[in-house]
Amino acid sequence: MIQSIDSATCTGCGTCTKTCPLDVFRLVTQQEEMSPCMAACPAGVDIRRNNYLIQQGRLDEAAENFLNYNPFPGITGRVCFHPCESKCSRAKVDEAVNINAVEHVLGNRIMDISQEKVTRRHINKVAVIGSGPAGLSCAWYLARMGYPVTVFEAKPFPGGMLRYGIPAYRLPDDIITAQVKRLEQMGVEFRCNTLVGDNADISIDDLKKRGFKAIMLAPGASAARKVDIEGSEAEGVH
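To keep things clear, this report deals only with the structure shown in the data block.

Cut-offs applied
- Numbering of residues begins from 1 in every chain and follows the order in which that chain's sequence is written.
- Thresholds applied to this predicted model are a pLDDT of at least 70 for local features of residues and 80 or more for the giving and counting of side-chain atom pairs; totals over whole chains, interfaces and linings are not thresholded and use all residues.
- Note that the side-chain values use all heavy atoms of the structure and ignore hydrogens as well as water.
- Stacked, tilted and edge-to-face pairs are distinguished by plane angle, under 30 degrees for stacked and over 60 for edge-to-face with tilted covering the rest, among Phe, Tyr and Trp rings (Trp via its six-membered ring) whose centres lie within 6.5 Å.
- Think of it this way: any DSSP run of H or I at least four residues long counts as a helix, any run of E at least two long counts as a strand, and we number them from the N terminus.
- Only protein chains enter the accessibility calculation, which uses a 1.4 Å probe. A residue is then buried if its area is under 20% of the maximum for its type, exposed if over 50%, and partly exposed in between.
- Criterion for a charge above a ring: Arg CZ or Lys NZ at most 6 Å from the ring centre, at most 35 degrees from the ring normal.
- The distinction between a cavity and a pocket rests on a 1 Å grid over the protein atoms alone: a 1.4 Å probe fits inside a cavity but cannot get out, while a pocket stays open yet meets protein on both sides within 12 Å along at least five of seven lines, and a residue with an atom within 4 Å of a point counts as lining.
- Grid points are joined across faces, edges and corners, and a volume is the space filled by probe spheres set on the points.
- In the scheme used here, Gly and all other residues not listed as nonpolar or charged are polar, with Ala, Val, Leu, Ile, Met, Phe, Trp, Tyr, Cys and Pro taken as nonpolar and Asp, Glu, Lys and Arg as charged.
- Strands were regarded as paired on the criterion that DSSP finds at least two bridges between them.
- Structural elements are reduced to axes, namely lines fitted to C-alpha atoms, with helices fitted over the stretch in contact, and the angle between N-to-C directions of any two is expressed from 0 to 180 degrees.
- In this analysis, two residues are considered to be in contact whenever any of their non-hydrogen atoms come within 4.5 Å of each other.
- One less than the residue count of a helix, multiplied by 1.5 Å, gives the span that helix is expected to have.
- This arc corresponds to the set of directions leading from the helix axis out to the C-beta atoms.
- By the definition adopted for this analysis, an angle is roughly parallel if under 35 degrees, roughly antiparallel if over 145, roughly perpendicular if from 65 to 115, and oblique otherwise.

Attention now moves to the packing of aromatic side chains. Counted under the stated rule, the structure contains one aromatic pair. Taking the centre distance of 5.9 Å and the plane angle of 75 degrees together, the rings of Phe 152 and Phe 212 count as edge-to-face. Note that Phe 152 is positioned in strand β2 (residues 149–152) and Phe 212 in strand β4 (residues 212–217), a separation of 60 residues in sequence. Take Phe 152 and Phe 212: they sit in the same class, and that class is buried. We note Lys 125 situated over the ring of Phe 212; from NZ or CZ to the ring centre the distance is 4.5 Å. The residue whose ring lies beneath Lys 155 is Tyr 164, and the NZ or CZ to ring-centre distance is 5.2 Å.

What follows is the structure, given as structure tokens:
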């Protein structure tokens, strides 16, 4: 059994817990040294603490911890290319922890929990233009802080490239709809079929006149990169 942990070299990967179960409960997750998987995560998710909480059966706490870094694990768990797993310390022992599956499961768990409306703490309204990943994330964090938020979307349904760019077999529309519903439960208002900009339904100046004190521009990057493969233009090819 491991008698002590060298805090100067420990990254909190948890590999020692397989030979010393006691260390699951002695593991200090809040430390300056970042574990390799966390360093590789584009969203900076606290994977180390997530795994620590899950090993103790504290799934709701793990889900809440995830939301501090990524508001939509139900989406990213389905589309992320999970670079964290390629850096997982556990791979040196046998194979990497299936972090992506953990994210997927936690995301589903979060969607099954009813979202309570957030208490308003601010009176200044914020407009978010675009309901893609950036716009939805901005709306989530602002609403969580107590700001009244309105999201303007040019297309009939929210989601941006999540809905209109990613094939439904990879990211079903009902998952996006569920995430949007949670935002609405928080108090976020969505106005679809509303184009914002010059010579559009609403201009930036119009939003300011309507009392929006801050405006987040999240129109997205709709210019796709084409894959230069013969036959890629054929019908039925994605």
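That was the structure; now back to the text.
This brings us to empty space enclosed by the protein. One pass over the structure, following the stated rule, counts two cavities of 30 Å³ or more. Taken as a whole, the largest cavity spans an internal volume of roughly 40 Å³. A class-by-class count of the residues in the lining of the largest cavity yields seven nonpolar, two polar and one charged. Quantified by volume, the second largest cavity comes out at close to 30 Å³. Lining the second largest cavity are Leu 67, Pro 71, Ile 110, Trp 140, Gln 179 and Arg 182. A breakdown of the residues in the lining of the second largest cavity according to their chemical character gives four nonpolar, one polar and one charged.

Pairing is parallel in the open sheet, where four strands are placed in the order β3-β2-β1-β4. The open sheet terminates on both sides in strands that have one partner only, identified here as β3 (189–191) and β4. Strand-to-strand twist across the sheet, computed as the mean angle between neighbouring axes with direction ignored, equals 20 degrees. Looking at chain direction, strand β1 (residues 125–129) and β2 are connected through four bridges and run parallel. Directly across from Ala 127, in β2, lies its bridge partner Thr 150. The strands that helix α7 (residues 133–144) touches are β1, β2, β3 and β4; relative to β2, the one it contacts most, it runs at about 170 degrees.

Looking at where Ser 35 falls in the secondary structure, it is placed in the loop between α1 (23–26) and α2 (36–40). Since its relative accessible area comes to 1%, Ser 35 is described here as buried.

Here helix α9 (residues 173–186) spans 20 Å end to end across 14 residues, near enough to the 20 Å set by a 1.5 Å rise per residue. For α9, the complete set of buried residues consists of Ile 175, Ile 176, Gln 179, Val 180, Arg 182, Leu 183 and Met 186. Take α9 and look down its axis: the buried residues cluster within an arc of 150 degrees, on one side only. Turned more than 90 degrees from where α9 packs its buried face, Asp 174 and Lys 181 sit exposed. Of the surrounding secondary structure, the elements contacted by the buried residues of α9 are α5 (73–79), α6 (99–112), α7, α8 (161–164) and β3.

Attention now moves to the packing of helix α4 (residues 59–67) against α6. One way to put it is that α4 packs onto α6 with a least axis distance of 10 Å and a crossing angle of 95 degrees. Here α6 runs roughly perpendicular to α4, going by the angle between their axes. The residues of α6 that touch α4, namely those facing Leu 59, Asp 60, Ala 62, Ala 63, Phe 66 and Leu 67, are Glu 103, Leu 106, Arg 109 and Ile 110.

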